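# Structural overview
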Amino acid sequence: MDLTTTLSNDKGWHHYSKLNDLLGDGIFTVDGEKWKNQRKLSSYEFSTKNLRDFSSAVFRIGAVKLAQKVSEAVTSNQATEIQDLFTKSTLETVFKILLGVDLDTTTEEGILFSNF
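Residues numbered from 1 in each chain as written. Predicted model: local features only at pLDDT ≥ 70, side-chain atom pairs only at ≥ 80, totals over all residues. Heavy atoms only, no water.

## Regarding the pattern of salt bridges
Under the defined criterion, the tally for this structure stands at five salt bridges. As a salt-bridge pair, Glu33 and Lys36 come within 3.8 Å of each other at their nearest N and O atoms. Within this pair, Glu33 and its partner Lys36 are both found in helix α3 (residues 32–45), separated by three residues, close to a single helical turn. Judged by relative accessible area, which is 59%, Glu33 ranks as exposed. (Salt bridge = Lys/Arg side-chain N within 4 Å of Asp/Glu carboxyl O. Helix = DSSP H or I, 4+ residues; strand = E, 2+ residues; numbered from the N terminus. Buried < 20%, exposed > 50% of the residue type's maximum accessible area, 1.4 Å probe, protein only.)

Rendered as structure tokens:
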């Protein structure tokens, strides 16, 4: 399958008019040559090396935060729900890698979100 042609599927004016305010003239809203240009530009950012380097850095930061939380619990002799820590750590990591958003599950807003 050739992704350079099969993913461009004609989105048309209806699709563009509904999503343009949210997504602008990006790869998810445009067709034809504009789409080809957007796809070429984005392909550099999504290379295996770039994704591996970025996700590795995010995982390392997440592991350090998780280790600090466990260490704090041990030091204070406090019982801790380890599954909850793993879930929140995973959620923070996924948000950062996929959305570029720092979801801090220790803040009030982050706690509300992570307890969905």
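Having put the structure on the table, let's press on.
## Considering helix α4 (residues 48–75)
Relative to the 40 Å expected for 28 residues at 1.5 Å per residue, α4 spans 40 Å between its end C-alpha atoms, a close match to the ideal helical length. Turning to α4, its buried residues number three or more, namely Ser55, Val58, Gly62, Leu66 and Ala73. On its buried face, α4 is in contact with α5 (82–99). Count one or two residues on from α4 and you reach Asn77, which has phi positive near 55°. (Expected span 1.5 Å × (residues − 1). Contact = heavy atoms within 4.5 Å.)

Purely geometric numbers; function is a separate question.
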